[in-house]
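The primary structure of each chain is shown beneath.
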Amino acid sequence: TKPITILTLQKLKAEQEKFTCVALYDAPMAAMAEQSGVETVLVGDSLGMTVLGYDSTLPVTMEHMLYHVEAVARGNKKSLILGDMPFMSYATTDQAMHNAMRIMQAGAHVVKIEGGEWLAPTVTMLAERGIPVCAHLGLTPQSVNKLGGFRVQGRTQQQADKLLADAIALERAGADLLVLECVPSELAKTITQRLSIPTIGIGAGKDTDAQVLVINDILGLTPKPPKFSKNFLVETQDIPSALTKYVSDVKTGVFPELAHTFD
Ligand code: KIV
Ligand code: NA
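What you see is a predicted model, and the numbers here were worked out from it, not measured in a lab. (Residues numbered from 1 in each chain as written. Chains lettered and ligands numbered in written order. Predicted model: local features only at pLDDT ≥ 70, side-chain atom pairs only at ≥ 80, totals over all residues.)

A. A look at the packing of helix H2 (residues 27-35) against helix H4 (residues 62-75). Running from N to C, H2 and H4 point in directions that differ by 40°, and their axes come no closer than 7 Å. In terms of orientation, H2 and H4 fall into the oblique class. The element H2 and its partner H4 pack so that their crossing is right-handed. Contacts between H2 and H4 involve Ala27, Pro28, Ala30 and Ala31 from the first element and Ala71, Val72, Arg74 and Gly75 from the second. Here the contact of H2 with H4 is composed, by residue class, of 6 nonpolar, 1 polar and 1 charged. (Axes fitted to C-alpha atoms, helices over the stretch in contact; angles between N-to-C directions. Helix = DSSP H or I, 4+ residues; strand = E, 2+ residues; numbered from the N terminus. Parallel < 35°, antiparallel > 145°, perpendicular 65-115°, else oblique. Left-handed = near helix turned anticlockwise from the far one by under 90°. Contact = placed C-beta atoms within 7 Å. Nonpolar A, V, L, I, M, F, W, Y, C, P; charged D, E, K, R; others polar.)

Here's what the structure looks like:
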């Protein structure tokens, strides 16, 4: 089976076929995601909360990320592997170049960074050096203290305009993918239609090119699950079936439902 590349994902967007992403952190889950046809896996810095027990993603270090990217890369040889750059690891372009190198050498195929237009020079420099970038807009958890909590973003016209402008600037700078987290569905739809690169939504409605969920939420490991997530294990028998159901529900437009979205 041929590995998924950014070209595969561009083709899926062009053909208006939805694809999936799962944020996961270890080799066995990575292997099950591969078996279930999950096109992209994200080694998210959400691991600070989902695996390490922290209250936010801020304590996550490069060492944590490298350890988990390596594990996921060992378990999965087919999905495109996205590696999160942790808090303050891309604060300057020099830091971004050095730390992106380490994430890629650990086995990621794409690095993900949170932020808007200010990251355009970083995106360009990484792209020029052969590193695909997934940008991340909307609820950017590394900025939780600046945002004043884990809240929906882009609800005012001014915020929505800024988000769209950021998305366009990041695409122009050379980003290959864009995660939209907790934004109104209509805004995510507008951005998805305006961009030629695929968008991956979480709490962003059904019209993004792809969906991402955290494995803990899919498997019911989260005590108070967020509104946008869904436990796929309750209606299936085992983990591979839960993942397969998630994939097919995204492809057929069954997930996300209105109940999982914001306006
Ligand atoms: O860290 C993570 O899991 C993420 C996704 C929720 C997009 O950034
Ligand atoms: Na993240």
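Structure shown, so let's carry the discussion forward.
B. Broad picture of unusual backbone geometry. At the junction of phenylalanine 255 and proline 256, the peptide bond is cis and its omega measures out at 0° in the coordinates. Positive phi outside glycine occurs at methionine 88, with the angle close to 65°. Residue classification places methionine 88 among the partly exposed residues on the basis of 13 C-beta atoms within 10 Å. (Buried ≥ 20, exposed ≤ 12 C-beta atoms within 10 Å, placed from the backbone.)

C. Layout of the site of ligand 1. The local shell around ligand 1 consists of Ala23, Leu42, Gly44, Asp45, Ser46, Asp84, Val179, Glu181, Ile202, Val212 and Val214. Breaking the shell around ligand 1 down by element, the ones donating at least two residues are strand E6 (177-181) and strand E8 (210-214). Across the shell around ligand 1, the residue classes break down as 6 nonpolar, 2 polar and 3 charged. (Near = placed C-beta within 6 Å.)

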